[in-house]
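For reference, the chains in residue letters:
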Amino acid sequence: MKPLLRILIVAGVFSLIAPTSRGDSEIVIAIRYLQAQGTSHSHLYLYREDGKLLRQLTSDNAGQDSGPIFARDGATIVFTREKPGNVREFWSIDPRGAGLKKLEAAPDWYVQTKSSPYFTNVEPEESASPSPTTSPEESVSPAETPPSSYKSPDGSVELILREDPKDEDDQIDGPGHGKHYLLRDLKTGAETEFEKLPGFYGVFRLLHDTQDKDQHFLFDGPLRLAFFDLHLNSTDGDTVFALDLNGPRLVRLSPNWAAPIPLPDEAAFLTFTENRYVPIPGGKKTANCSYMERWDEKLNKIRYAREKSAALCYGASMYRPGLTPSTITLRRDSN
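In this text the structure is predicted, and so the values were computed from the model without any measurement.

Draft legend 1. Inspection of the packing of aromatic side chains at higher detail. Under the counting rule described, the total for this entry stands at 12 aromatic pairs. Between the aromatic rings of Trp 109 and Tyr 110, the centroid separation amounts to 6.2 Å while the plane-to-plane angle is 80°, which identifies the pairing as edge-to-face. Relative accessible area serves as the criterion here: at 33%, Trp 109 is assigned to the partly exposed category. Ring centres of Phe 217 and Phe 219 lie 5.9 Å apart, and the angle between their planes is 90°; on these two criteria the pair is classed as edge-to-face. Judged by its relative accessible area of 7%, Phe 217 falls in the buried class. Grouped by ring-pair contacts, the aromatic residues Phe 119, Phe 227, Phe 269 and Trp 295 constitute a single cluster.

In structure tokens:
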């Protein structure tokens, strides 16, 4: 697993109350905008789901605000404030920016919130190595191993992860790999090699849901997606592509890593997105940054951050009135 070892995605319990009068879904994000001089600090920012910044909720520079989580009814946001000397405080605030309050301890629901699913790397089982007494003739060659295949939940298509043992690109996890993967239409029998799909650069592993390793597709309303990772190089690390079955086409979600986070009952998903070597405004330095982004059914994205900013995401939580689950939250420790 890649950068997601550092984060915890959590979802709130189902809301049994009526939607609030605030209407649209909102997302609160702990963002640390990096600056060329001095110490930068993480504060909470509240966005409407469509990307409109509603307000900055905190501005105290005594520490780093992180891990915001909406309460189940959306009326309160609880967050952590990390101060020098390993001091950790818990605070709450109203989404409208009122009622900032230091808490004696973190509420039980804040501590105990369960993880929600996101898509991550497939970790194939390690095949047993031949024993020292096994002859080469008894070993099964890669060419004899049948390719993995995955059928979509609606039974319309099948992904066949076929490799060519004579193709050098198929021997490594890197650009060009996966050109012989097949997209098969199960109704017509038509097959398309991935190399012929718009946006093909290379794909390697098919990502799976963290809570169900047999779930490899994101189908919700008009969304019909699967996700693949690909190693780029030692400098740029890995990246993630979305296979849009409506195209079909491949869309790269980030120059570097991006973790897709489903939004159940919405034709959209979030990503925790990493961008390496982002210029810090006002200076010559760069930084490895992270952002929250939202993608719609046409794979258009919204970034919840200032334009051309170098920033770090220290957690986020979305409150969705009338939807289940009512909250979807990304929790990440600051550093």
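Moving on from the coordinates now.
Draft legend 2. Structural context of unusual backbone geometry. Along the chain, Gly 247 connects to Pro 248 via a cis peptide bond; the corresponding omega equals -10°. Tracing the backbone shows Pro 248 in the loop between β17 (237-244) and β18 (249-252). The peptide bond linking Thr 324 to Pro 325 adopts the cis configuration, its omega dihedral lying at -5°. One non-glycine residue, Tyr 277, lies in positive phi territory at about 55°.

Draft legend 3. How the structure looks around the sheet that holds strand β6 (residues 77-83). Overall, antiparallel pairing links the four strands, which are arranged β5-β6-β7-β8 in an open sheet. Of all strands in the sheet, those bounded by a partner on one side alone are β5 (64-70) and β8 (101-103). Neighbour-to-neighbour, the strand axes of this sheet turn through a mean angle of 30°, independent of strand direction.

Draft legend 4. Quick look at the pairing of strand β2 (residues 26-33). Of all eight residues making up β2, eight are buried, and the element is well covered by its neighbours. On β2, burial covers both faces: Glu 26, Val 28, Ala 30 and Arg 32 on one face and Ile 27, Ile 29, Ile 31 and Tyr 33 on the other are all buried. In terms of strand pairing, β2 meets strand β23 (residues 311-319) through seven bridges, oriented antiparallel. Its bridge partner being in β23, Ile 27 is matched across the sheet by Met 318.

Draft legend 5. How the structure looks around the nonpolar core. Formed by 57 residues in total, the largest nonpolar core has its most connected members in Ile 29, Phe 227, Phe 269 and Met 292. Non-local contacts of Ile 29, meaning those with residues more than four positions away in its chain, are made with His 43, Leu 44, Tyr 45, Tyr 47, Pro 68, Met 292, Tyr 304, Cys 313, Gly 315 and Ala 316. Within the second largest apolar cluster, 20 residues are counted, among which are Leu 161, Tyr 181, Leu 183 and Ala 226.

Draft legend 6. Just the environment of Glu 49, in detail. Summarising the element assignment, Glu 49 is placed in the loop between β3 (42-48) and β4 (53-56). Glu 49 gets classed as buried once you look at its relative accessible area, which sits at 11%. Taking the C-alpha atoms as reference points, Glu 49 and Ile 302, separated by 253 residues in sequence, lie 9.0 Å from one another. The contacts of Glu 49, once residues within four sequence positions are left out, are Ser 25, Glu 26, Leu 263, Glu 266, Arg 294, Ile 302, Tyr 304 and Met 318.

Draft legend 7. Up close: the sheet that holds strand β12 (residues 182-185). The four strands lie next to each other as β10-β11-β12-β13, forming an open sheet whose pairing is antiparallel. At either margin of the open sheet sits one strand with a lone partner, and together these are β10 (148-151) and β13 (191-193). Averaged over all neighbouring strand pairs, the angle between strand axes comes to 20°, with direction disregarded. Where strand β11 (residues 157-161) lies against β12, four bridges are found, and the strand directions are antiparallel. In the sheet register, Glu 158 faces β12, and the bridge partner there is Arg 184.

Draft legend 8. Here's a closer look at the pattern of salt bridges. This model, assessed by the stated rule, comprises 21 salt bridges. We note a salt bridge from Arg 184 to Glu 191, for which the minimum N-O separation is 2.5 Å. Taking the relative accessible area as the measure of exposure, Arg 184 reaches 26% and is therefore partly exposed. What you see here is one network of salt bridges that share partners, running through Glu 49, Glu 266, Arg 294 and Arg 320.

Draft legend 9. Structural context of the confidence of the model for the protein chain. Looking at the protein chain as a whole, its pLDDT mean stands at 87, while 85% of the residues score no less than 70. Across residues 1-23, where pLDDT falls below 50, the model places 69 contacts with residues more than four positions away in sequence or in other chains. Scored below 50 in pLDDT, residues 124-143 shows five contacts in the model against residues more than four places distant or in partner chains.

About the thresholds
- Residues numbered from 1 in each chain as written.
- Predicted model: local features only at pLDDT ≥ 70, side-chain atom pairs only at ≥ 80, totals over all residues.
- Heavy atoms only, no water.
- Phe/Tyr/Trp six-rings, centres within 6.5 Å; stacked < 30°, edge-to-face > 60°.
- Buried < 20%, exposed > 50% of the residue type's maximum accessible area, 1.4 Å probe, protein only.
- Helix = DSSP H or I, 4+ residues; strand = E, 2+ residues; numbered from the N terminus.
- Pairing = 2+ DSSP bridges.
- Axes fitted to C-alpha atoms, helices over the stretch in contact; angles between N-to-C directions.
- Core = buried A, V, L, I, M, F, W, Y, C linked by side-chain atoms within 4.5 Å.
- Contact = heavy atoms within 4.5 Å.
- Salt bridge = Lys/Arg side-chain N within 4 Å of Asp/Glu carboxyl O.
- pLDDT = per-residue confidence, 0-100.

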